[in-house]
Amino acid sequence: MTFIRTSKIWSISENKITPENLYWNRRKFLKTLVGAGIGASILPLAGCQSSTSGVVKSASQTALEASFNLPNIANFTKNPTFYKLKRPITEEKLAAQYNNFYEFGGTKKIWLDAQKLPTENWKVEVTGLVKNPQTYDIDDLKQKFPLEERVYRFRCVEAWSMVLPWIGFPMQKLIAAVEPTSQAKYVRFTSFYDPEITTGPGFHLGSLPWPYQEGLRIEEMANELAFFAVGIYGHDLPKQHGAPLRMVIPWKYGFKGAKSIVKIEFLDSQPATYWNTINSREYDFEANVNPNKPHPRWSQATEKFISKGPDLSWEIKETLPYNGYGEYVASLYS
Ligand SMILES: Nc1nc2c(c(=O)[nH]1)N[C@H]1C(S)=C(S)[C@@H](COP(=O)(O)O)O[C@H]1N2
Ligand SMILES: [Mo]
């Protein structure tokens, strides 16, 4: 293994290298509240942080809004099957300022740095074990595949969650278009990477296994829930959410959903992936949301649901098996 020499770096984890870790250091405090029977109350994140972090202040409010004030998507239908959830949709300004996109830095606050992502003339290459390899540009994809809106629960492995209204198309439509051969068993998804551009501050970018890659079994990709998003909240995808094309796999932890996809390859064996290469014990390839399987360093039984402002705050909610999507996907794992 070529990565062993950087064992210090490899011992980090998604959780450990983010300010999330700071929040989690306050877990004893939170646990005390939960133990006192007020676990369902709203706990202000800002109160658990230094005064320099927390919600974006008015000076940068305009820049934040500009980052998601994007052209509306004209033609999409609302998919009634994936519409009503018991939880409210997360406010856009919260979703747009609390992200994981390590190419642009090791904190949740990368929305501004992510504006460096160059999305013009974007191409997505679909290749490998397929009868019809294709290179699409984003307009091709938007025209070829009918767009729909789906409201999905979103659960990060770090135990925070949101509810997000994505616009895009089911991955099974792409499978049908490129026609994988019978040898294709797995699919690898590769994110944009350019060391001149994707150099977030405070993060040892050079020694990590870039580009960010994720993978699925082909049966998982063919499940009706597996989705490619080109938009969110009615408009094009903001850069911090992984413009112009990202994966959304709602029954798996968020890290399975690679952002800013440039390449999709159909393979005969399981590909190496970013987090799994860094720490396979903490980030398994399958990564299905499972409240009964703790992460080695924290419980997955509950989650911090982020939905309403004005501050970044959360409510503690029970985590659901397969993030609530068992009826669609449990049979894939029997
Ligand atoms: N290329 C890339 N994709 C990525 C990540 C990343 O760092 N780089 N982070 C993942 C993780 S850990 C999560 S939780 C989600 C966050 O998506 P959001 O910021 O749009 O909510 O993106 C996933 N996709
Ligand atoms: Mo995540």
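In case you missed it, the structure is sitting above this.
Residues numbered from 1 in each chain as written. Chains lettered and ligands numbered in written order. Predicted model: local features only at pLDDT ≥ 70, side-chain atom pairs only at ≥ 80, totals over all residues. Heavy atoms only, no water.

Caption draft 1: A look at the side chain of Glu-148. Along the chain, Glu-148 turns up in strand β5 (residues 147-155). Note on Glu-148: relative accessible area 12%, which makes it buried. Engagement of the side chain of Glu-148 in a polar contact is seen with the side chain of Asn-79, the distance being 2.7 Å. For Glu-148, the contacting residues outside a window of four places in its chain are Phe-76, Thr-77, Asn-79, Trp-166, Ile-167, Gly-168, Pro-170 and Phe-227. (Helix = DSSP H or I, 4+ residues; strand = E, 2+ residues; numbered from the N terminus. Buried < 20%, exposed > 50% of the residue type's maximum accessible area, 1.4 Å probe, protein only. Polar contact = N/O pair within 3.5 Å; in protein donor to acceptor, adjacent residues only side chain to side chain. Contact = heavy atoms within 4.5 Å.)

Caption draft 2: Here's a closer look at the environment of Ser-260. With respect to the helices and strands, the residue Ser-260 is situated in the loop between β11 (246-248) and β12 (261-267). The class for Ser-260 is buried, based on a relative accessible area of 1%. Each C-alpha atom of the pair Ser-260 and Met-247 lies 8.6 Å from the other, and the pair is 13 residues apart in sequence. Dropping the residues within four chain positions of it, Ser-260 is found in contact with Phe-101, Leu-117, Trp-122, Thr-190, Ser-191, Phe-192, Gly-242, Ala-243, Leu-245 and Arg-246.

Caption draft 3: Fine view of the nonpolar core. Judged by nonpolar contacts, the single largest core of 81 residues is most densely connected at Trp-166, Phe-189, Met-221, Phe-228, Ile-264 and Phe-266. Counting residues per element, this core draws most heavily on strand β6 (residues 160-170), which supplies six residues. If we ignore the near neighbours within four places in the chain, the residues touching Phe-228 are Ile-167, Gly-168, Phe-169, Met-171, Leu-174, Phe-189, Met-221, Leu-245, Arg-246, Met-247 and Ile-264. (Core = buried A, V, L, I, M, F, W, Y, C linked by side-chain atoms within 4.5 Å.)

Caption draft 4: How the structure looks around empty space enclosed by the protein. One pass over the full model with this rule turns up four cavities of 30 Å³ or more. Considering only enclosed or pocket space, the largest cavity measures out at about 270 Å³ in volume. Surrounding the largest cavity, 23 residues form its lining, Asn-100, Phe-154, Arg-246, Gly-254 and Lys-259 being those nearest its centre. In terms of residue count, the dominant contributor to the lining of the largest cavity is β6 (four residues). Of the residues that constitute the lining of the largest cavity, the class distribution is 13 nonpolar, six polar and four charged. The computed volume of the second largest cavity comes to approximately 80 Å³. Along the walls of the second largest cavity sit 15 residues, with Phe-154, Ile-249, Pro-250, Lys-252 and Gly-254 positioned nearest its centre. Counting residues per element, the ones that place at least two in the lining of the second largest cavity are β5 and β11. Of the residues assigned to the lining of the second largest cavity, the class counts are seven nonpolar, three polar and five charged. (1 Å grid on protein atoms, 1.4 Å probe; cavity = no way out; pocket = protein on both sides within 12 Å on 5 of 7 lines; lining within 4 Å. Points joined across faces, edges and corners; volume = space filled by probe spheres on them. Nonpolar A, V, L, I, M, F, W, Y, C, P; charged D, E, K, R; others polar.)

Caption draft 5: Geometry of the packing of aromatic side chains. One pass over the structure, following the stated rule, counts 21 aromatic pairs. Seen in terms of ring centroids, Tyr-152 and Tyr-325 are 5.7 Å apart; in terms of plane orientation they differ by 75°. Their pairing is edge-to-face. Taken together, the residues span a long stretch of sequence, with Tyr-152 in strand β5 and Tyr-325 in the loop between β14 (313-318) and α10 (326-329) at a distance of 173 residues. Side by side, Tyr-152 and Tyr-325 carry an identical accessibility label, which is buried. Site record: aromatic cluster; members linked through ring pairs are Tyr-102, Tyr-193, Trp-210, Tyr-212, Phe-255, Tyr-274, Trp-275 and Tyr-283. The ring of Trp-314 carries Lys-304 above its face, with NZ or CZ at 4.8 Å from the centroid. (Phe/Tyr/Trp six-rings, centres within 6.5 Å; stacked < 30°, edge-to-face > 60°. Lys NZ or Arg CZ within 6 Å of the ring centre and 35° of its normal.)

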